[in-house]
Amino acid sequence: FFTLSKYRVLLTADQKLYVISISTIIYLVLNTIIIYIFSSLKFGIVLVRFIALFAILSRSLILLIFVKRKYNHLNFKLKPQKDLLKKRWDALYLQILGTIQNGAPYVILTLVSNLVNVSIYAIYNMIMMGVNNLLSVFIAGLSASFGEVISKNNTKVLKQSYREFEYVYYDILTIFYSMSMVLIIPFIRLFTKGITDANYILPTVAILFVLNGLFYNLKTPQGMLIHSAGLYKETKIQTTIQGLIIVILGIILTPSLNIIGILIASIASNIYRIIDLTFFVPKNITKLTIMPTVLRYIKVFIGGSLIIFFCNRIPIKIDSYSTWLFFAFISFIVSVIIVLIIDALFERKMMKLIILRIRTMIKRRKNGKNRPSL
């Protein structure tokens with residue numbers, strides 16, 4: 001982690017996150033090969049994990065070589081100018097609160113429930129973390145791009161770019177979480193087949209997990225702008241309240257409701273933050289009205305409901321991973337069609353702008369101008 005962090009900061013600021021992505025892919029491939037080979041040779045798990053640690057050196061080495069060649073004019077031995085990083089402790093505080101929010105469910109379940117529920121929670125959370133990781137691909141590097149626009153005080157570009165990003169991101173969100181609602185129980189049924197330590201087929205828990213993931217990511221566009229503008233101190237109180245909601249409500253509800261209790265607490269904390277950011281970001285950063293964002297929230301739920309309705313009527317019996325993948329593919333096609341129809345009916349102007357932007361990006365690439373631009 002520490003061999004990567006300083007390079008991540010530099011490459012993110014220069015909008016070259018693809019370098020980190022490439023180095024991480026190489027690391028993951030090497031890591032997988034090492035684990036497979038030494039597991040096949042019947043090495044103990046501790047020794048296998050120890051040997052696999054050395055794969056991460058490949059990522060550090062790639063980043064080191066790239067940074068030394070690309071930024072050979074930089075002097076890494078200069079004394080830090082801490083006055084330029086005066087918000088670092090506020091940023092650290094928010095990161096700690098974020099860690100508490102993500103880790104609180106495990107801690108609370110362990111203390112006031114039982115390890116069976118922790119196991120069930122871990123399985124569902126693993127799936128939703130996978131969905132979150134996929135979504136993170138669509139915002140990688142954008143924080144730095146928006147930060148550049150904000151620092152130049154280019155309000156016109158900020159407004160237009162943010163509205164376009166919000167439109168695209170919420171469409172992607174609709175597709176991902178609608179499909180998650182449809183696919184999660186069939187996947188859990190396959191994944192836990194033959195496991196008898198607990199009942200993992202819990203539709204209510206599945207629904208709450210998907211809703212929690214959706215609410216968590218509904219605030220991503222606004223949260224990204226908070227980071228882009230460096231408004232850490234200005235949002236410290238709101239983030240603290242968000243963390244307190246999940247901890248206090250979780251401790252109250254979990255003893256009687258178990259996993260459902262901690263999920264309700266998580267959803268409540270995310271809803272609070274959505275409401276807060278919906279008003280805070282337009283007032284302090286974008287200077288836009290909140291109504292288009294609110295209407296997009298509604299559009300997400302309408303589109304999601306339609307996708308779930310039609311996908312649940314697809315006549316496919318899911319009894320293997322191959323049929324699950326086929327069902328996922330058909331569900332994706334149905335989801336895209338429904339989202340495009342809704343956009344054509346209610347956001348035709350924005351749809352045309354996005355198509356025009358995509359065409360412009362393709363032309364830029366053909367002309368050799370690959371640097372991302374808002």
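Residues numbered from 1 in each chain as written. Predicted model: local features only at pLDDT ≥ 70, side-chain atom pairs only at ≥ 80, totals over all residues. Heavy atoms only, no water.

Before going further, it helps to spend a moment on the overall build of the chain. When its secondary structure is counted, the chain shows 15 helices and zero strands. By the compact-globule yardstick of 21 Å for 374 residues, the chain fits well, its C-alpha radius of gyration being 23 Å. Along the first, second and third principal axes, the C-alpha set of the chain runs to 60 × 60 × 45 Å. Looking at the 374 residues of the chain, the share that counts as buried comes to 41%. Across the chain, every contact between residues at least 6 apart in sequence was considered, and the portion connecting residues at least 24 apart equals 78%. Accessible surface for the chain amounts to roughly 21600 Å². Of this, 70% is attributable to carbon and sulfur atoms. Treating the 42 positive side-chain charges of the chain as one cloud and the 13 negative ones as another, the clouds have centres 7 Å apart. (Helix = DSSP H or I, 4+ residues; strand = E, 2+ residues; numbered from the N terminus. Rg over C-alpha atoms; globule rule 2.2 N^0.38 Å. Buried < 20%, exposed > 50% of the residue type's maximum accessible area, 1.4 Å probe, protein only. Contact = heavy atoms within 4.5 Å. Areas by Shrake-Rupley, 256 points an atom, 1.4 Å probe, with all protein chains shown as cover. Lys, Arg positive; Asp, Glu negative; His and termini not counted. Charge placed at Lys NZ, Arg CZ, Asp CG, Glu CD.)

Before going further, it helps to spend a moment on empty space enclosed by the protein. Empty space among the atoms becomes visible once a probe the size of a water molecule is rolled across them. Taken as a whole and assessed by the stated rule, the structure comprises two cavities of 30 Å³ or more. Taken together, Tyr-162, Arg-163, Glu-166, Gln-222, Leu-277, Thr-278, Val-281, Pro-282, Thr-286, Leu-288, Thr-289 and Thr-293 make up the lining of the largest cavity. When contributions to the lining of the largest cavity are tallied by element, the ones reaching two or more residues are α8 (155–191) and α12 (259–286). Take the lining of the largest cavity: its biggest share by element is five residues, from α12. Of the residues that constitute the lining of the largest cavity, the class distribution is five nonpolar, five polar and two charged. There is about 40 Å³ of room inside the second largest cavity. Taken together, Asp-171, Thr-174, Lys-299, Val-300, Gly-303, Val-339 and Ile-342 make up the lining of the second largest cavity. Sorting the residues of the lining of the second largest cavity by element identifies α8, α13 (291–311) and α14 (321–346) as the ones contributing at least two each. (1 Å grid on protein atoms, 1.4 Å probe; cavity = no way out; pocket = protein on both sides within 12 Å on 5 of 7 lines; lining within 4 Å. Points joined across faces, edges and corners; volume = space filled by probe spheres on them. Nonpolar A, V, L, I, M, F, W, Y, C, P; charged D, E, K, R; others polar.)

Put simply, helix α5 (residues 88–112) and helix α6 (residues 115–136) touch, their axes get as near as 8 Å, and they point 160° apart. Comparing their axes, α6 and α5 come out roughly antiparallel. Crossing geometry of α5 relative to α6 is assigned as right-handed. Listed contacts from α6 to Pro-105, Tyr-106, Leu-109 and Thr-110 of α5 are Leu-115, Asn-117, Val-118, Tyr-121, Ala-122 and Asn-125. Residues that form the contact of α5 with α6 fall into these classes: seven nonpolar, three polar and no charged. (Axes fitted to C-alpha atoms, helices over the stretch in contact; angles between N-to-C directions. Parallel < 35°, antiparallel > 145°, perpendicular 65-115°, else oblique. Left-handed = near helix turned anticlockwise from the far one by under 90°.)

A few words now on the packing of aromatic side chains. Tallying each qualifying case throughout the model produces 14 aromatic pairs. A ring pair is formed by Tyr-170 and Tyr-297, whose centres lie 5.8 Å apart and whose planes are at 65°; its orientation type is edge-to-face. Of this pair, Tyr-170 sits in helix α8 while Tyr-297 sits in helix α13, and the two are 127 residues apart along the sequence. Relative accessible area serves as the criterion here: at 0%, Tyr-170 is assigned to the buried category. Among the residues examined, Tyr-297 registers a relative accessible area of 11% and is labelled buried. An aromatic cluster of three or more residues is present, and its members are Phe-146, Phe-165, Tyr-169, Tyr-170 and Tyr-297. Its guanidinium or amino end placed over the ring of Tyr-27, Arg-59 lies 5.3 Å from that ring's centre, counting from NZ or CZ. In this arrangement the basic side chain of Lys-219 is found over the ring face of Tyr-216, its NZ or CZ atom lying 4.1 Å from the centre. (Phe/Tyr/Trp six-rings, centres within 6.5 Å; stacked < 30°, edge-to-face > 60°. Lys NZ or Arg CZ within 6 Å of the ring centre and 35° of its normal.)

Read these as spatial facts, not as claims about activity.
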